[in-house]
Amino acid sequence: MSSLTRIILQRLGLGFLTLFAVSLIIAFVVELLPGDITQAMLGQSATPETVAAFRKEIGLDRPAHIRYFEWLGGIFKGDLGQSLASKRDISEFVGTRLSNTLFLGGLAAAFAVPLALLLGLLAALYRNSIFDRIVNLTTLTSISFPEFFVAYILILFLSVKAGIFPGISNVSTNLAFGDQLFRTILPALTLTLVVLAHMLRMTRAAIINLLSSPYIEMARLKGTRPFRVIVYHALPNAWGPIVNVIALNLAYLVVGVVVVEVVFVYPGLGQLLVDSVAKRDLPVVQACAIIFAAVYILLNLLADIVSIVSNPRLLHPR
Amino acid sequence: MLKLLWTAPLSAKVGVVAILAYAFVALFAPLLAPYGETAIVGSSYELWSDKFIFGTDNIGRDMLTRLIYGARNTIGIAFLTVAIAFFVGGTLGMLAAILGGVYDLVIGRLVDILMAIPSLVFALLLLTVFGTSIPSLVLIIALLDSTRVFRIARSAAMNVVVMEFVEAARLRGEGMGWVIRKEVLPNITAPLLAEFGLRFCFVFLFIAALSFLGLGIQPPLADWGSMVRETATLINYNDITPLLPAIAIAGLTVAVNFVVDWMLHLSSGLRSDSH
């Protein structure tokens, strides 16, 4: 087996181990619930008999480790349990929610990634110029904005004042693709602005880091044209950090989606999570948490693997 | 310190002034506010007028008053949270650097696993379990945030604990508390202080987001995140009132970020580019 596949398999194994540990923590936290979910569901006036019957119905009467392994086994079979509030199977409605969220995240990434790379590259090339300073100041400012602030500003100007886009993104599966795209643009734009600043700053830092290395200076000193320095000398080594930046920010995007979905009433996983927290619908919260955690861990894993694959020094550790 | 500030770039000066202004409003809220924090003084959603400078909210409380008290509650709770996170994470991080070995390994792995879960999702899960009271909110976020502080404190302290003066202190039999407070802490204050600003911004935005989702600071306490949520429908009538608390949030984080950016620039010319 080549060292590359071994490293990747190692990382994958580590990722699944992390995921397993995370599922354990989530289950453990749920076990900590003070009192009982049944008391909260049935109210204070419930008789001990009804509480006992309800506990049996949702399976709370069996020991914790058995329930954990049933839950874990269920996930692999695509069975996420049953919602306490609606009594429906969670896997029934979580699928469309997840695909909506991924669609929104993907659209935001499609806007943000090229823009961030281009602007970050330019800011790094013209370091300390007026352009760089403006970019630095605006990104620093926009990092500080809460997501809902950006969202409401966009709603105010693009929806209420100009009336171009709808302020509420009530997409559903029976809409045509174009229509769905149109209704998703405003939340996607919000996410783009939120994630753009981070991505841009990280790209700029990665490129500047690279441009200060001795071999780039050597290339400059021997009289290579700037364009050639960038494309032939800097870029091959820059792909690693750049892809790393993208993957890290996509992971950030997946979570940042929660607030934006609530603002735009977008029927995604984040909205479902927030609603379920308010209703204390624990099985749904648990399911959403493990899905979010899985996507997050996988994207971080991807960033990790890419940075190893693209860096010969990490690929052949001494 | 004042002399140093004089040479700071304009953005940092603006930041310092703004932070002082926020602190002033937070400290003297009862003197500045025209009405009581939870007093219902008019009908709901009144327009901007001389009587109510920014109008009233969804149940007829004065917006300006709520904004002023919001400074106290929102900033106070965020500050308390970050302080706890720094105390816990900083102490554990320095201990990990000094003790090393099994302790370092166990805490380090635990922190790794906690950091593998997106913090908003984990916070929502914990809030479902423990309920949305202010003590549980503060403790949950402090716990999640202390993992980040642990990393910074540990890596900064790592460079210090190998120094001769730390070894000398341990050889002459000083206790662990002394080594941490008198030998290690003074040497990692600068990076920790900058990190404190960054973590404060993060926690402040985090609590605002949770409150906005209705899962953070609960009514009737005035708080900027929930104020946006309460008045949000007004945006559809071309009214910018819901943006006011959001601007208040953004203003403080921008100010802190400007100051932190300058501080990082001071401690190392290149470090400000590394994040």
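Please read these numbers as outputs of a predicted model, since none were measured by experiment.

K.L.:
So what's going on with the overall build of chain B? Residues and values would help.
P.N.:
When helices and strands are counted, chain B shows 12 helices and zero strands. Order of helices (α) and strands (β) in chain B, N terminus to C terminus: α-α-α-α-α-α-α-α-α-α-α-α. Taking the principal axes of the C-alpha coordinates as reference, chain B spans close to 70 × 50 × 30 Å. Among the 275 residues that make up chain B, the fraction classed as buried is 47%. Taking the intrachain contacts of chain B between residues at least 6 apart in sequence as the baseline, contacts between residues at least 24 apart amount to 65%.

K.L.:
Account for the overall build of chain A, with residues named and values stated.
P.N.:
When you go through chain A residue by residue, the secondary structure sums to 13 helices and zero strands. Its helices and strands taken in sequence order, chain A reads α-α-α-α-α-α-α-α-α-α-α-α-α from the N to the C terminus. Along the longest, intermediate and shortest principal axes, the C-alpha atoms of chain A span 85 × 60 × 35 Å. Across the 318 residues in chain A, those meeting the buried criterion constitute 37%. Contacts in chain A between residues far apart in sequence, at least 24 positions, make up 71% of those at least 6 positions apart.

K.L.:
For the nonpolar core, give the residues involved together with the corresponding values.
P.N.:
When a protein is soluble and globular, its nonpolar side chains tend to lie buried together. Judged by nonpolar contacts, the single largest core of 167 residues is most densely connected at Cys288(A), Phe292(A), Val121(B), Ala123(B), Leu124(B), Ile141(B) and Ile207(B). With 18 residues, the single largest contributor to this core is helix H10 (residues 226-263) of chain A. Excluding residues within four positions of it along the chain, Phe292(A) makes contact with Val254(A), Val255(A), Pro118(B) and Val121(B).

K.L.:
Mind laying out the environment of Ser99(A), listing which residues take part and the relevant values?
P.N.:
Of note, Ser99(A) is situated in helix H5 (residues 90-125). Distance in space between the C-alpha atoms of Ser99(A) and Phe131(A) is 38 Å, their sequence separation being 32 residues.

K.L.:
Please provide a residue-by-residue account of the packing of helix H8 (residues 177-211) of chain A against H10(A), values included.
P.N.:
Packed helices, taken two at a time, are described by the angle their axes make and the gap between the axes. All names here are of chain A. The contact between H8 and H10 brings their axes to 9 Å, and the two run at 155 degrees. Put simply, H8 runs roughly antiparallel to H10. Note that H8 runs across H10; the crossing there is right-handed. Taken together, the residues of the contact of H8 with H10 break down into 19 nonpolar, six polar and one charged.

K.L.:
Please give an account of the interface of chain A and chain B that cites residues and values.
P.N.:
Contact residues are listed per partner, giving 45 residues for chain A and 39 residues for chain B. Taken together, the elements giving at least two residues each to the side of chain A that touches chain B come down to helix H1 (3-31), helix H6 (130-143), helix H7 (147-161), H8, H10, helix H11 (269-279) and helix H12 (282-309) of chain A. The element best represented in the side of chain A that touches chain B is H7(A), accounting for nine residues. Across the side of chain A that touches chain B, the residue classes break down as 37 nonpolar, four polar and four charged.

K.L.:
So what's going on with the confidence of the model for chain A? Residues and values would help.
P.N.:
Here chain A shows a mean pLDDT of 82. Residues at 70 or above account for 91%. At the level of individual helices and strands, chain A shows its lowest average pLDDT in helix H2 (residues 37-42) of chain A, which scores 64, and its highest in helix H9 (residues 214-221) of chain A, which scores 89.

K.L.:
So what's going on with helix H6 (residues 119-130) of chain B? Which residues, and what values?
P.N.:
In this model, H6(B) (12 residues) spans 16 Å end to end at C-alpha, consistent with the 16 Å of a helix rising 1.5 Å per residue. Taking burial as the measure, the 12 residues of H6(B) include 10 buried ones, the bulk of the element. Those residues of H6(B) that fall on the buried side of the exposure criterion are Leu120(B), Val121(B), Phe122(B), Ala123(B), Leu124(B), Leu125(B), Leu126(B), Leu127(B), Thr128(B) and Val129(B). Contact partners of the buried residues in H6(B): H1, H10, H11 and H12 of chain A together with helix H7 (134-161) and helix H10 (189-212) of chain B. A positive phi of about 80 degrees marks Gly131(B), the residue just after H6(B).

K.L.:
Can you tell me about the environment of Leu117(A), naming the residues and giving the values?
P.N.:
All names here are of chain A. Of note, Leu 117 is situated in helix H5. For the pair formed by Leu 117 and Leu 200, sequence separation is 83 residues and the distance between their alpha carbons is 6.5 Å. Excluding residues within four positions of it along the chain, Leu 117 makes contact with Thr 203 and Ile 242.

K.L.:
Please provide a residue-by-residue account of H1(A), values included.
P.N.:
In a regular helix each residue adds 1.5 Å, so 29 residues correspond to 42 Å; H1(A) covers 42 Å between its end C-alpha atoms and thus fits that length. Here the buried face of H1(A) lies against H12 of chain A together with helix H5 (101-116) and H6 of chain B.

K.L.:
Before we move on, can you summarise the confidence of the model for chain B with the specific residues and values?
P.N.:
Residue and element names in this part refer to chain B. When pLDDT is averaged across chain B, the result is 86; 96% of the residues are at 70 or more. By mean pLDDT, helix H1 (residues 2-6) is the weakest element of chain B at 74, and helix H4 (residues 63-99) is the strongest at 92. Taken as a whole, residues 269-275 scores under 50 in pLDDT and shows nine contacts with residues more than four places along the chain or in a different chain. Here the complex is predicted with pTM 0.85, and the ipTM for its interfaces comes to 0.81.

K.L.:
Got a sec to walk through unusual backbone geometry? Specific residues and values, please.
P.N.:
Look at the link from Pro219(B) to Pro220(B): it is a cis peptide, with omega at 10 degrees. Along the chain, Pro220(B) turns up in the loop between H10 and helix H11 (224-231). Backbone geometry places Asn128(A), a non-glycine residue, at a positive phi of 70 degrees. Inspection of the secondary structure assignment puts Asn128(A) in the loop between H5 and H6. Overall, Asn128(A) belongs to the exposed group, with 9 C-beta atoms counted inside 10 Å.

K.L.:
Explain the environment of Arg61(B) to me, and be specific about the residues and the numbers.
P.N.:
Examined against the element boundaries, Arg61(B) turns out to sit in the loop between helix H3 (29-32) and H4. The spatial distance from the C-alpha of Arg61(B) to the C-alpha of Thr233(B) is 16 Å, given a sequence separation of 172 residues.

About the thresholds
- Residues numbered from 1 in each chain as written.
- Chains lettered and ligands numbered in written order.
- Predicted model: local features only at pLDDT ≥ 70, side-chain atom pairs only at ≥ 80, totals over all residues.
- Helix = DSSP H or I, 4+ residues; strand = E, 2+ residues; numbered from the N terminus.
- Buried ≥ 20, exposed ≤ 12 C-beta atoms within 10 Å, placed from the backbone.
- Contact = placed C-beta atoms within 7 Å.
- Core = buried A, V, L, I, M, F, W, Y, C linked by C-beta atoms within 7 Å.
- Axes fitted to C-alpha atoms, helices over the stretch in contact; angles between N-to-C directions.
- Parallel < 35°, antiparallel > 145°, perpendicular 65-115°, else oblique.
- Left-handed = near helix turned anticlockwise from the far one by under 90°.
- Nonpolar A, V, L, I, M, F, W, Y, C, P; charged D, E, K, R; others polar.
- pLDDT = per-residue confidence, 0-100.
- Expected span 1.5 Å × (residues − 1).

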